[in-house]
Amino acid sequence: MPSLNIIGELINNSYARARRAFTDRDVSGYQALAKSQADLGARYLTVNLDGTQRISVRQEEMFAFLPEVIPALQEVCSTPLAFDNPAVDYHRIALEHYDREKSGQPIINSLAASRERLDEMIDLVKGYDTNVIVMASEHFTPEGSAQCLDARDSHAATKHFVDLLINKADRKPDNIIVDVGLAPVGADTYGLINIGLDAMKLITADPDLQGVHFVVGLSNFAWGTPKGIREKLENAYLTIASQLGLDYALANPEKNPVPLDADDPLVDELRAALEQGRRQGDESQETAGFRQAEAIMAICAQGQSNDDDDWDD
């Protein structure tokens, strides 16, 4: 089982501390978030200044603040940064102000089939010699792009991006981190979690893709489940996915995101619940998804209470 590298996610406006820091343009607040995650062993620190449902952020605001935030983060810790935004110009500005002599090779997060100006993003990967996260939850179609609703589509998307990055950006497989996607386990009516797990199996079995890494956004997984069991469910998922090659997770280091022991009963319970989400016979995926949700609800019903959302810590 590979060791798990945490990409600390707290510099993200989904978290109240980051929202306050952005609203006040409080560089010291960002520095505190960076240092605390680095002290907890985060391998990378994500930098996402974009808006959320709780805060509206204009691109010009992000672009104007990046030149101040990035050097400030690098003043307090040497942990490399992972820049997370769909906009090419966000990454260009971030990379222009990033000192790799202080922190090493950064990550661009992320390339996806739906991205505008994808060629320019690939040029940045090459020009700044970055690692890169590619989205295997979308695949290329004659019309443009579409969500992957089959593990074979995710495998094809991965193969497409690995070929592009090797041939156009001089990347090696070790520079490429594949995001197979992760949905809330209690509302996964499309079977996306199993698609991601099955995609990892296909990708690791492909001799042309040996050496690539895998990542998921872990906080998505147990979204909406009772707070008392949320982290345990996330860690049980990590156990299952790590056995298939998962070696990165975008996560909150304060929640101790580590795989459970393989023989932990919750791992078997979660594995069985996910199997309930697989279609049987000619039933719809939605029917299987509801069956999976019921199995997850049964796990959560074991004396847990639902509190406020962690993202507002």
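Residues numbered from 1 in each chain as written. Predicted model: local features only at pLDDT ≥ 70, side-chain atom pairs only at ≥ 80, totals over all residues. Heavy atoms only, no water.

(A) Structural context of the sheet that holds strand β2 (residues 44-47). Taken in spatial order, the eight strands line up as β1-β2-β3-β4-β5-β8-β9-β10 and close into a barrel, and their pairing is parallel. In this sheet, neighbouring strand axes are inclined to one another by 25 degrees on average, regardless of whether the strands run parallel or antiparallel. When strand β8 (residues 176-179) meets strand β9 (residues 213-217), the two strands line up parallel, connected through three bridges. Looking at the pairing, V178 lines up with F214 of β9. (Pairing = 2+ DSSP bridges. Helix = DSSP H or I, 4+ residues; strand = E, 2+ residues; numbered from the N terminus. Axes fitted to C-alpha atoms, helices over the stretch in contact; angles between N-to-C directions.)

(B) Molecular detail of the layout of surface pockets. Considering only enclosed or pocket space, the largest pocket measures out at about 690 Å³ in volume. For the largest pocket, the lining is made up of 31 residues, of which N48, D84, M135, N220 and L250 are closest to its centre. Within the residue set of the lining of the largest pocket, elements represented by two or more residues are β4 (107-111), β5 (131-135) and β9. Looking at the lining of the largest pocket residue by residue, the classes come out as 11 nonpolar, 14 polar and six charged. (1 Å grid on protein atoms, 1.4 Å probe; cavity = no way out; pocket = protein on both sides within 12 Å on 5 of 7 lines; lining within 4 Å. Points joined across faces, edges and corners; volume = space filled by probe spheres on them. Nonpolar A, V, L, I, M, F, W, Y, C, P; charged D, E, K, R; others polar.)

(C) How the structure looks around unusual backbone geometry. Backbone torsion omega between N109 and S110 reads 15 degrees, so that peptide bond is classified as cis. Note on placement: S110 falls in strand β4. Positive phi, close to 50 degrees, is recorded for D129, a residue that is not glycine. One non-glycine residue with positive phi stands out, namely D170, at about 55 degrees. Among the structural elements, D170 can be located in the loop between α7 (151-168) and β8.

(D) Focus on the UniProt feature "domain: Pterin-binding" (unreviewed entry) in the protein. In this numbering, the UniProt entry assigns the feature "domain: Pterin-binding" (unreviewed entry) to residues 4-271. This span, residues 4-271, is 44% helix and 16% strand, and a straight line between its end C-alpha atoms measures 20 Å. (UniProt positions renumbered as here; feature names shortened; annotations may be inferred.)

(E) Broad picture of the pairing of strand β1 (residues 5-8). Of the two faces of β1, the one carrying N5 and I7 and the one carrying I6 and G8 are both buried. Relative to β2, β1 runs parallel, the two sharing two bridges. Residue pairing in the sheet places G8 in a bridge with L45 of β2. (Buried < 20%, exposed > 50% of the residue type's maximum accessible area, 1.4 Å probe, protein only.)

(F) Representation of helix α11 (residues 285-300) in the model. In this model α11 runs 22 Å from its N-terminal to its C-terminal C-alpha over 16 residues, within 8% of the 22 Å that 1.5 Å per residue would give. On its buried face, α11 sits against α8 (192-205), α9 (227-242) and α10 (265-276). (Expected span 1.5 Å × (residues − 1). Contact = heavy atoms within 4.5 Å.)

(G) Fine view of the environment of L10. Structurally, L10 is set in the loop between β1 and α1 (16-24). Taking relative accessible area as the criterion, L10 reaches 1% and is therefore assigned buried. For the pair L10 and E254, spaced 244 residues apart in sequence, the C-alpha to C-alpha distance is 9.3 Å. The residues contacting L10, other than those within four sequence positions of it, are Y15, R17, A18, L33, Q37, N252 and E254.

(H) Local environment of the pattern of salt bridges. Applying the stated criterion across every chain, the model contains 19 salt bridges. Residues K35 and D39 are paired through a salt bridge, measuring 3.1 Å at the closest nitrogen-oxygen approach. Taken together, the positions of K35 and D39, both in helix α2 (residues 27-39) and four residues apart, correspond to about one turn of that helix. Taking the relative accessible area as the measure of exposure, K35 reaches 39% and is therefore partly exposed. In this structure, R278 engages D198 in a salt bridge whose closest nitrogen and oxygen atoms are separated by 2.9 Å. Remark: D198 occurs in helix α8 and R278 occurs in the loop between α10 and α11; sequence separation between them is 80 residues. Judged by its relative accessible area of 25%, R278 is partly exposed. Each member of the salt-bridge network shares a partner with another, and the members are R25, R58, E60 and E61. (Salt bridge = Lys/Arg side-chain N within 4 Å of Asp/Glu carboxyl O.)

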